[in-house]
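These are the residues of each chain, in order.
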Amino acid sequence: MNIFVNKKTSVALAITAVLNGYVGLAQAADTNSEETEVIEVTGIRSALTSALNQKREAVNITEVIKAEDIGKLPDNNLAEVLENVTGVQITRTAGVGTGVQIRGTDANRVEINGVSTVGSGSGRTGISFDDLPAALIAAVEVTKAPTAKTVEGSVGGTINLITLRANSLRERLTQVRVQGEHSDLADSVTPRMSITYGDNWETDIGKLGVVLTGSYAEQDVASINPRFDRDRVISPSTGDAYLRTQFLDQPIRATDYETKNFTASVEFEPNENLKFYFDATMNDQEKAGQDSRAYFSGTGGGHVIPEHDYDEFVTINLGSVNGKNGTLNLGEVQAVKSGVIGVGTASNGGQDPNLRIDGNTNSRLTESNVYAFGTEWRTERLKLNAEVSYSDSDTKSPGLNSTLDFINPNAQQPGPGTSADNGTPAIFNINGDTFEFGIAPNLAETPTTKHLLDPANYALKSVSRNLNTNEGDETAARIDIKYDISETNPIFMDISAGVRWNESTSSRTNSTTKTNYSNWDRPRANLFSEIVTAGPNNFDAAGDRSLFVSDYLMINNEIAFNDPERVVNVLNQAITTNNANSDANNDLIGVPTVSTTSFFDIKEETIALYLQGDYEAEIGSVFLRGNIGARYVSTDLTSEGRNVINDEIEDVAESSSYDFILPRFNLTAELTDGLYARFGAGKDIRRPDFDDLSPSTTFGNSPYSTVTVGNPELEPEEVTSYDLSLEYYLTDSSLISLGIFQKDREAVHVTLQDEPEKLLNPDSGQLERDVVAPCEGGGIFNPNVAPADYNVESSRTDTFGICVARTTKLNAGAETQKGIELAFQYDLGDYESELGWMSGFGMIANYTYQENSNTLDAFRETKATDPINVLLGRTDSTNETETLEDDVVTQRTELANLSKNAYNFTLFYDKYDLNVRLRYTWRSAYQPPQARVMRFNVHPVIGARGQLNASVNYDINESISVGMEGVNLTREDSSNWCFNEGALLCEQDIADRRVTFGVTAKF
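What counts and how
Residue numbers run consecutively from 1 along every chain, following the written order of its sequence. Local features in a predicted model are, by the rule used here, given only for residues with pLDDT of at least 70; side-chain atom pairs are given and counted only at 80 or more, and totals for whole chains, interfaces and linings are based on all residues. By convention in this description, side-chain values take in all heavy atoms of the structure and omit both hydrogens and water. UniProt positions are given in the numbering used here, feature names are shortened, and annotations may be inferred rather than shown by experiment. Think of it this way: any DSSP run of H or I at least four residues long counts as a helix, any run of E at least two long counts as a strand, and we number them from the N terminus. Helix span is expected to be 1.5 Å times the residue number reduced by one. Throughout, exposure labels follow a simple rule: accessible area from a 1.4 Å probe, protein chains only, divided by the maximum for the residue type, with under 20% read as buried, over 50% as exposed, and the rest as partly exposed. In this scheme Phe, Tyr and Trp rings, the latter by its six-membered ring, pair at centre separations within 6.5 Å, and the angle between planes marks the pair as stacked below 30 degrees, edge-to-face above 60, and tilted otherwise. Here, a charge over a ring means that NZ of Lys or CZ of Arg falls within 6 Å of the ring centre while also lying within 35 degrees of the ring normal. Contacts are residue-level and defined by heavy atoms, with any inter-residue pair within 4.5 Å sufficient. By definition, disulfides here are pairs of cysteine sulfur atoms that lie within 2.5 Å. Strand pairing follows a simple DSSP-based rule, namely that at least 2 bridges must link the two strands. pLDDT measures the predictor's confidence residue by residue and takes values from 0 up to 100. Definitions used throughout: a 1 Å grid over protein atoms alone; a cavity as a set of points that fits a 1.4 Å probe which cannot get out; a pocket as an open set with protein on both sides within 12 Å along at least five of seven lines; a lining residue as one with an atom within 4 Å of a point. Grid points are joined across faces, edges and corners, and a volume is the space filled by probe spheres set on the points. Amino acids outside the nonpolar list (Ala, Val, Leu, Ile, Met, Phe, Trp, Tyr, Cys, Pro) and the charged list (Asp, Glu, Lys, Arg) are all regarded as polar, and Gly is one of them.

Under an unreviewed UniProt entry, the name given to the protein is TonB-dependent receptor, and the source organism is Catenovulum maritimum. Under the UniProt heading Subcellular location (unreviewed entry), the entry covering the protein gives this text: "Cell outer membrane".

This is the structure in structure tokens:
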């Protein structure tokens, strides 16, 4: 076999211009010509051509998305932009893309112009995708197979967000974009605008370029999230056990975003061999929560269960789970489908179910910045890059949350010797996959609309205030050297080496207070009516619902967020007045105090070195190129926190260090003209999130608030990746590709939740938790929960504190992921003479299949007394019998957010100044990383979901264009299932439909 050496390759000047210039400018080859033809290339087809050219020239497996025009990526949300990439799925909050999974994992890195970013919490991924608008970004690169130069820290891949650089411009740039967004469920129109200016100048001392971009956006999003808990057991007179109604919840989650962003790029080139640059990205986001809830509490009390009048039952096949000792076939159960829950009165005079109203303003205020200053110097053979950077994020999370009890005038009235609240009857029905419930009509206790809208019928239940602070930053410096050795050997073209130092810090402080009102003579809302408003009455907006709570009062969320001190002052005045009028002794609302055990301060210092060789060769007619190298990483970490032991505050300090060698190899073979085969193999690590390393423990003030316990001994996850792909470029803008990948993951990070045991209380007739420390039956004792907040979890009133769920993260052994990625991209632009106007059509499609080995050594376990085991007759907790039929339910932990199947299909039209895009995405079911509500101590499943987005843009002339974009046009919902998809429906997330319209002007 003959091996022929090929000297350094060059890319055609027209392609280079497309890649270097953001607006995709191509120049004539004769650079000495006095007149150079400049062609501005914009639109979908040009963006696809530019992206494919960059993908083709890459030596490793990389996906690229280019903006169709200045600040115009395919979607307005960056997460939804990334959803266009093969192998990428996203998660949404109230319909807005907030999380990105590359090949089934969130454990990725987000960079801006190759610089690390810092997220709004204590995670490692980087900046939140809803903090940064797509208008600031010129291109997105997703690196799936790293080189030795690639900074460590990704399991799935590295996302690099690229902003516009000034000296790539061929002419002055000024652009203004103004848009408005309408949200269906939020029922509002909000503004969005951006302005970009860029230019460069040839001066006596060199070329100077500046690009400035500013943006301002408001966004109102909402989702409807009906929840119906059926996780308790009852045995009717027939002797058949079934799952009964436990909780009916009607939340409307609303979030108001206000985001201000600014980017600046300055480039100075004294000569063709030397360049200096400065990049800055500054973000300021206010994410204001405006949630409301109307819910029935106390539906499972022993005195209420006899008042349950069920109409219909349904047989549910729970399917199977991967248990600790093998596959457990759970079989079928009976569950209630519809009925009425009447008012029950306990022996002490208390009544249930209660109708309660929550107003929550838990919010996030984040300021984040990314700065980088660097230089590039090159000679004929040597290239030297040096850069210093600083990234930070400062997040404050304030909240004022309130609960009001509806005091039903048609039920027994609160008073001495009875209770602080009373009962309101409920009716419920599951119609297909739709939860419906509301106030039961035509009963003696049924309140009227007038009753429900009278402030005198609402009593203050509780008020909590919190202010949580997260601060993080990273200071980094790096030097990279690349030297041309092509004339010294037949294989290697360049050798590269570099060093990177960074210091990262993360700290957290939480402040909180909660005041409960459990007296019968607590203040009524007519004493604070100036801050009370009617709750949202559009719960039926998401589908056909004839049953819902349409009329209720709540503390005004808008006032609570914008002026919390006013709310507190008004409530305290009402409390004072009520105490004076009734000789009550209700406490005033206090000021949040620092939670001693929530504090942590972590510092991490890393040195990384790498050595890499770039090679090119020909074997016969096959041209080969690629790189081989290794990265050495050494990390030292110190963490400080506080714990309370025997009522004594104790400072806790932990330290650790580790180092890794990360080999990496990439090969690209051009088999024939346009046909490329690629192979990549490499090792990476994923460090634990900072809060997972915290030696501190944070306690909430609710029996349903999970206590997270840090694990300072948590080790980095190691991942070894293998990639093989075949790509055929049909035209400059058309591609068909097939790729396979495998990831061998070790010391995988897994969150486990330990639930407290619940035993039957013969006095109350219901399952209750232990309220005395320590919690021998599981969980952890939370000393902050008052008896008034026990709800149905305990009927005792002579204690303070209760056993709650405990979560912690640990290394759970090894797991292997495998997958297949298919992509097809084609447009008819080459057939203009044959097809005419139809040549503007094109399509983009991709499909991803992935699976995992399910070998993690971590399990969720239930107890023999838990409802699911009682219902199924499973009593063996120690696998004493040979059969699995009587083993209590256990479930092996699976990788979170991993969908087995996903696809993305886009149909577009780009011709005659008209630009139209129609995109449908779909992903199969997956497990969320941590359940908001853990039923049965078995992880829920988010069901399969698709979404249809569309956009239309028209260029009126060279300067003015108009456009419209629709997101979630068919308003698809997301279903939360217990045990398996299609088994027991537990919760729904019905997201907003949003339409954006606007105009863009260039000068």
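That covers the picture; the talk isn't over yet.
**Topic: helix α2 (residues 44–57)**
It helps to recall that an α-helix has 3.6 residues per turn; residues three or four apart then point in one direction. If you check α2, its first and last C-alpha atoms are 20 Å apart, about what 14 residues at 1.5 Å a residue would give, namely 20 Å. Counting buried positions along α2 gives 13 out of 14 residues, so the element sits mostly inside the fold.

**Regarding the packing of aromatic side chains**
A complete count under the given rule lists 19 aromatic pairs for this structure. An angle of 85° between the planes, with centres 6.3 Å apart, marks the rings of F492 and Y615 as edge-to-face. Separated by 123 residues along the polypeptide, F492 in strand β32 (residues 492–516) and Y615 in strand β36 (residues 600–619) bring together distant segments of the chain. Residue classification places F492 among the partly exposed positions, given a relative accessible area of 29%. Clustering of aromatic rings is evident, with ring pairs tying together F228, Y242, Y310, F313, F428 and F435. When the ring centre of Y277 is taken as origin, the NZ or CZ atom of R165, which lies over that ring, is 4.7 Å away. Sitting over the ring of Y295, R293 keeps its end group 4.2 Å from the ring centre.

**What to know about the side chain of S464**
Position of S464 among the secondary structure elements: in strand β31 (residues 458–484). A relative accessible area of 12% means that S464 is categorised as buried. Apart from the residues lying within four places of it in its own chain, the contact partners of S464 are G399, L400, N401, T513 and K514.

**Overview of the state of the cysteines**
Throughout the structure, instances matching the rule amount to 2 disulfides. In this model, C775 is linked to C803 through a disulfide, with the two sulfur atoms separated by 2.0 Å. Across the S-S bond linking C775 and C803, the dihedral sits near -100°, which makes this disulfide left-handed. On the criterion of sequence distance, the pair formed by C775 in the loop between β46 (766–769) and β47 (780–782) and C803 in strand β48 (residues 802–804) is long-range, its members being 28 residues apart. Assessed through its relative accessible area of 1%, C803 is described here as buried. Disulfide partner of C978: C986, at an S-S distance of 2.0 Å. Taking the sign of the S-S torsion, about -130° here, the bridge from C978 to C986 comes out left-handed. Across the pair, exposure class does not vary: C978 and C986 are buried alike. Cysteine pairing in the protein follows 1-2, 3-4, where each cysteine in a disulfide is numbered by its order in the sequence.

**Looking at the sheet that holds strand β49 (residues 806–811)**
With mixed pairing, the 4 strands of this open sheet are ordered in space as β40-β41-β49-β44. Looking at which strands have only one partner, the edges of the open sheet turn out to be β40 (697–698) and β44 (749–754). Pairing between β44 and β49: 6 bridges, direction antiparallel. Paired with H749 across the bridge in β49 is N811.

**Focus on the confidence of the model for the protein**
On average, residues of the protein score 88 in pLDDT, and 93% of them are at 70 or above. Note that pLDDT drops below 50 for residues 1–41; the model gives that stretch 71 contacts with residues more than four away or on any other chain.

**Some words on empty space enclosed by the protein**
According to the stated counting rule, one finds 9 cavities of 30 Å³ or more in the structure shown. A volume near 530 Å³ is recorded for the largest cavity. Elements supplying a minimum of two residues to the lining of the largest cavity: α2, β4 (62–66), β42 (717–731), β43 (734–746), β50 (815–827), β51 (841–852) and β54 (901–911). If you tally residues by element for the lining of the largest cavity, the top one is α2, at 6 residues. Residue composition of the lining of the largest cavity, grouped by class: 19 nonpolar, 9 polar and 9 charged. The computed volume of the second largest cavity comes to approximately 360 Å³. Taken together, 27 residues line the second largest cavity, and the ones lying closest to its centre are R109, R124, E474, S504 and F690. Of all the secondary-structure elements, those providing two or more residues to the lining of the second largest cavity are β7 (109–112), β31 and β32. At 5 residues, the largest contribution of residues to the lining of the second largest cavity is made by β32. The class makeup of the residues in the lining of the second largest cavity is 4 nonpolar, 13 polar and 10 charged.

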